[in-house]
There are 2 protein chains.
Amino acid sequence: MESKPEFESKALSTTKPTNAMAPTSQLDPSKLTITLTDTPIPLPPEQSGSTKIHTDHILLINWTSAHGWSTPKIQPYTNLSLPPTASTLHYATSCFEGLKLYRGYDGALRLFRPLENCRRLLDSARRAALPEFDPEALLQLVRALCRVDGPRWLPDDDTARGECLYIRPTIMGIDADLGCHVPSEVLLYVLMTHAPKFPATQMANGMKLLVSSELQVRSWLGGSGAAKVSANYGPTLVAFGEAQRKGYDQVLWLFGPERKVTEAGGANFFVIWRRKDGGLEMVTAGLESGLILPGVTRRSIVELARRRFGETREWSVDGKAVVAEKMDVVERDFTIHEIGEAAEEERLLEAFAVGTAVAVTPVSRIDVEDRSISVQLDATPHRKLLSAWMSDIVYGRMESEWTEVVEV
Amino acid sequence: MESKPEFESKALSTTKPTNAMAPTSQLDPSKLTITLTDTPIPLPPEQSGSTKIHTDHILLINWTSAHGWSTPKIQPYTNLSLPPTASTLHYATSCFEGLKLYRGYDGALRLFRPLENCRRLLDSARRAALPEFDPEALLQLVRALCRVDGPRWLPDDDTARGECLYIRPTIMGIDADLGCHVPSEVLLYVLMTHAPKFPATQMANGMKLLVSSELQVRSWLGGSGAAKVSANYGPTLVAFGEAQRKGYDQVLWLFGPERKVTEAGGANFFVIWRRKDGGLEMVTAGLESGLILPGVTRRSIVELARRRFGETREWSVDGKAVVAEKMDVVERDFTIHEIGEAAEEERLLEAFAVGTAVAVTPVSRIDVEDRSISVQLDATPHRKLLSAWMSDIVYGRMESEWTEVVEV
């Protein structure tokens, strides 16, 4: 039993705990035990980008309503032994996060705004009736896992500079009871896998999106669309599978009779268009509705664009000077009809999806039932600049308060 | 690779397969292998009703998109070894069923409309982008598991007559890949646990329900509320946990600005009231909206009531003669306001929840934000008759085409 003053943080005290039971143990990174593998996995010849390939170790922490969080441990990667009646297998009592560990061109290992991911995991845990924890404590444990597996899996040489690993924290209810209730036994784990290259190159020619039909709805007012809970994903796969079979890369999820634009697959979605008054504008859906995930990349793109495109000025991309016009950045509800109208009037300039997995990926086509909207690539320098800056930040070519170096 | 003509059933041919890959192996009960345990689990002294207590064996079948369904096997009950990256742990790619094995007062083991559950599992699998199977083939395998564990866990003596086991078929995606896509590796399993007594006795004084707030939505138009997918459950637990802490037994889920009544927790919900024209009516939400689960007990209650309450006549309950008035049975959208109005005008006679787990359980109170609606118990004989008939059917005291005896 420990009481650490930093757990009285603002983030934790604003919401009533879902599993209020005191005093129980808090998540305590100072108690971490590390058991290293005797049989390291042979490294693949190169970064495959496949999230099937995991690293050597896994971080595991148990929680029970009676005792709170157990001693965290990093141990050799292993399958999980779960009772067939485990809560999450039947009732989707789980949530997760996605972030990346980057090997910079300067040789350093970096995390990008990792506290944001740990905080969002706490928000998701609350939405899934899973136990609370201190996001700072989780971040310390994530750093520890990065120190264990980062150096070998992202070696400090030409094979890995500019590459990254994907980090997946997960929390799930594991009560061995078919009763459908708030979990009283929980497992938190963090693993790392290979990750697609950042920024994504396979999509350089643009993603093709198919809009969801009015009979396919990803999230709802009063639902869980704003949390990264497992339950948001499975029910989307029928529509995604259909879109894939038709040759599309993702579904562009619309909402409501107005057909508001929400997310592109699991990524946030942006357009750049010229307003009817002639002004240049970047738009993405707002967070007020609770329909979309408050993406860390989304927020970063919005913040970067607001900071840098407040006035027309010259920038350098790939060694070439480009002038980026002043651009307004707006978070608001917008509809597929507005996109269609902008395309018709030749005001639609760019569309792109952003997220930890896809980075900043251009969209080249959006198909609605009765029409196909073509989107230009590189009609503005803005998207390309944002993408380049994000890459420069995570790989240490641009100083930023958003990254932290993982000291090995 | 086998092609069995019975798989060309109507049920399978009406919908385009989600995982269309041919020719792959179909689910084939004739290939079942059974390995019995050497160390049977000590039986608890009596039926506990706890779904934490599982029987000795489990039925397991794997599926891959390349090869189809593997050889089914019944083996000693065991934990599942899952990769930490397994699809269902992150994306809730799973669905399940609930049915029961009853030990009749005549000594026979019975299943109640089990093909309905197997068909609904297929519907749920389609909604979850999981592979298709022949429901009849699954039913044969369920029967086999009942034959293996039924005799010992529901002995043919006074300790178990009138008791039942809960049967839980489950299908889940187990691809070891963090990519969010239609699963290409799947596990189907069936297990059995102890089950609450049927009809439920602990709720004889009636459940207390708290209606969901307008900010809490269980399912939505275009969502997955009509399928028994895992994703429908986890996101409801915050509201359920809050209701429990306030002393309620379940949440009565409402939908939309009209506040339509949908489900009571995971059970279907009925009211009996007197219409303004004086006629007696039983109402439950219709299935057209896709918001609620098409319950097997729901359907059975509707069918029983339509068959038997078409005219006023005398019935016997617990040896006593009662007259049950002619009652109309209506499946339609109805609202919490209609229930409130009926209560105010003293037309509300009964409310009850029905499902495999709760059987037919009366509701004694429904609390809306600003008011508490008291519901009488036994203001009509109809609910009690329906409950008694359902019990008589499953325990073999009443002949019915809805039950089948499991021959041991």
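Residues numbered from 1 in each chain as written. Chains lettered and ligands numbered in written order. Predicted model: local features only at pLDDT ≥ 70, side-chain atom pairs only at ≥ 80, totals over all residues. Heavy atoms only, no water.

Draft legend 1. How the structure looks around the relation of the copies chain B and chain A. Mapping chain B onto chain A calls for a screw motion: a turn of 180° about the axis and a shift of 0.0 Å along it, with 0.0 Å RMSD after fitting. Expressed as a symmetry operation, the mapping of one chain copy onto the other fits a two-fold axis. Taken together, the interface assignments show that 98% of the residues at the interface of chain B recur at the interface of chain A, consistent with an identical surface on both copies. (Least-squares fit on C-alpha atoms with pLDDT ≥ 70 in both. Contact = heavy atoms within 4.5 Å.)

Draft legend 2. Layout of the environment of A92 of chain B. With respect to the helices, strands and loops of the structure, A92 of chain B is situated in the loop between α2 (87-91) and β6 (94-96). Those residues in contact with A92 of chain B that lie beyond four places of it in its chain are A92, S230, A231 and G234 of chain A together with S87 and A231 of chain B. (Helix = DSSP H or I, 4+ residues; strand = E, 2+ residues; numbered from the N terminus.)

Draft legend 3. Region of interest: the environment of F269 of chain A. Along the chain, F269 of chain A turns up in strand β14 (residues 267-274). On the accessibility criterion, F269 of chain A (1% relative accessible area) is buried. (Buried < 20%, exposed > 50% of the residue type's maximum accessible area, 1.4 Å probe, protein only.)

Draft legend 4. Structural detail: the pattern of salt bridges. All names here are of chain B. Tallied over the entire structure, the rule returns 62 salt bridges over all chains. The partner of R275 in a salt bridge is D328, and the shortest N-O contact between them spans 2.9 Å. Of the two residues, R275 is situated in the loop between β14 (267-274) and β15 (280-284) and D328 in strand β18 (residues 328-331); the sequence distance between them amounts to 53 residues. Owing to a relative accessible area of 24%, R275 belongs among the partly exposed residues under this scheme. A relative accessible area of 26% places D328 in the partly exposed class. (Salt bridge = Lys/Arg side-chain N within 4 Å of Asp/Glu carboxyl O.)

Draft legend 5. Looking closely at helix α6 (residues 296-308) of chain B. Over its 13 residues, α6 of chain B runs 18 Å from end to end, which matches the ideal 18 Å to within 8%, given 1.5 Å per residue. Every buried residue belonging to α6 of chain B is among V296, T297, R298, S300, I301, V302, L304 and A305 of chain B, and all of these are buried. (Expected span 1.5 Å × (residues − 1).)

Draft legend 6. Representation of the nonpolar core. Formed by 98 residues in total, the largest nonpolar core has its most connected members in M282 of chain A together with M282 of chain B. What M282 of chain A contacts, discounting residues up to four positions off in sequence, is F270, V271, I272, I301, V302, A305, M327, D328, V329, V330, F352 and L386 of chain A. Counting 84 residues, the second-largest nonpolar core is a separate cluster that includes A92 and C146 of chain A together with L111 and L165 of chain B. (Core = buried A, V, L, I, M, F, W, Y, C linked by side-chain atoms within 4.5 Å.)

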